[in-house]
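For reference, the chains in residue letters:
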Amino acid sequence: QVQLAESGGELVRPGASLRLSCTPSGRSYPGYIMGWFRQAPGKEREFIAAISWGTGRTEQAASLTDRFSISRDRVAIKMFLQMNGLKPDDTAVYYCAARSSWSGDFYDARSYDYWGQGTQVTVSS
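Values in this document were obtained by computation on a predicted structure and should not be read as measured data.

Draft legend 1. Focus on the state of the cysteines. This model, assessed by the stated rule, comprises 1 disulfide. Two residues share a disulfide in this structure: Cys22 and Cys96, whose sulfurs sit 1.9 Å from each other. Judged by the sign of its S-S torsion, about -65°, the cystine formed by Cys22 and Cys96 is left-handed. Taken together, the positions of Cys22 in strand β3 (residues 18–25) and Cys96 in strand β9 (residues 92–99) put the pair 74 residues apart, joining distant regions of the chain. The buried category is assigned to Cys22, whose relative accessible area is 1%. The class of Cys96 is buried, set by a relative accessible area of 0%.

What follows is the structure, given as structure tokens:
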């Protein structure tokens, strides 16, 4: 079992930067792959990035690599999503997710076993 808790979402102006955090807990999380997704109203859940908790290896959506980056701090037991140059189109609920294997389609939300409750990010002037 893995529990995930996101934090850091808020209302920001276009061009701002924001860092989201995800705190995993449970006995199994050290062996899992952690990821970030987002879902805007009326749209499907969209893959952003994933990271191996153990090795730090990352996988990122090509369309967002210029502005978003994923990292984790094993000492603090947190995963982060650094978002720069935010745009109104980035407005969404951002979710932390976990899956047990590096193999498979990272973009497929169905391949993730555990999800957090989400944190709202709103980009508006």
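This is not the end of the story, as more comes after the structure.
Draft legend 2. Focus on unusual backbone geometry. Not every positive phi belongs to a glycine, and Ile77 is a case in point at roughly 55°. Mapping Ile77 onto the fold places it in the loop between β7 (68–73) and β8 (78–83). What makes Ile77 partly exposed here is its relative accessible area of 29%.

Draft legend 3. Seen up close, the nonpolar core. Met34, Trp36, Met79, Met83 and Tyr94 are the most contacted members of the largest nonpolar core, which totals 29 residues. Listed by contribution, the elements that provide at least two residues to this core are β3, β4 (33–39), β5 (46–52), β7, β8, β9 and β11 (119–123). With 4 residues, the top contributor of residues to this core is β9. Once residues lying within four places of it in the same chain are set aside, the contact partners of Met34 are Leu4, Pro24, Tyr29, Ala49, Ala50, Ile51, Trp53, Ile70, Met79, Ala97 and Ala98.

Draft legend 4. Broad picture of the side chain of Thr119. One can find Thr119 in strand β11. Engagement of the side chain of Thr119 in a polar contact is seen with the backbone nitrogen of Gly9, the distance being 3.0 Å. Every residue in contact with Thr119, bar those within four places of it in the chain, is listed here: Glu6, Ser7, Gly8, Gly9, Leu20, Ala92, Val93 and Tyr94.

Draft legend 5. Inspection of the pattern of salt bridges at higher detail. Counted by the stated rule, this structure contains 4 salt bridges. Arg38 is the partner of Glu46 in a salt bridge, and the nearest nitrogen-oxygen pair spans 2.7 Å. Given a relative accessible area of 9%, Arg38 falls into the buried group. Between Asp108 and Arg110 there is a salt bridge whose closest N-O contact spans 3.0 Å. One salt-bridge network, held together by shared partners, links Arg38, Glu46, Arg67 and Asp90.

Calculation rules
- Residues numbered from 1 in each chain as written.
- Predicted model: local features only at pLDDT ≥ 70, side-chain atom pairs only at ≥ 80, totals over all residues.
- Heavy atoms only, no water.
- Disulfide = S-S within 2.5 Å.
- Helix = DSSP H or I, 4+ residues; strand = E, 2+ residues; numbered from the N terminus.
- Buried < 20%, exposed > 50% of the residue type's maximum accessible area, 1.4 Å probe, protein only.
- Core = buried A, V, L, I, M, F, W, Y, C linked by side-chain atoms within 4.5 Å.
- Contact = heavy atoms within 4.5 Å.
- Polar contact = N/O pair within 3.5 Å; in protein donor to acceptor, adjacent residues only side chain to side chain.
- Salt bridge = Lys/Arg side-chain N within 4 Å of Asp/Glu carboxyl O.

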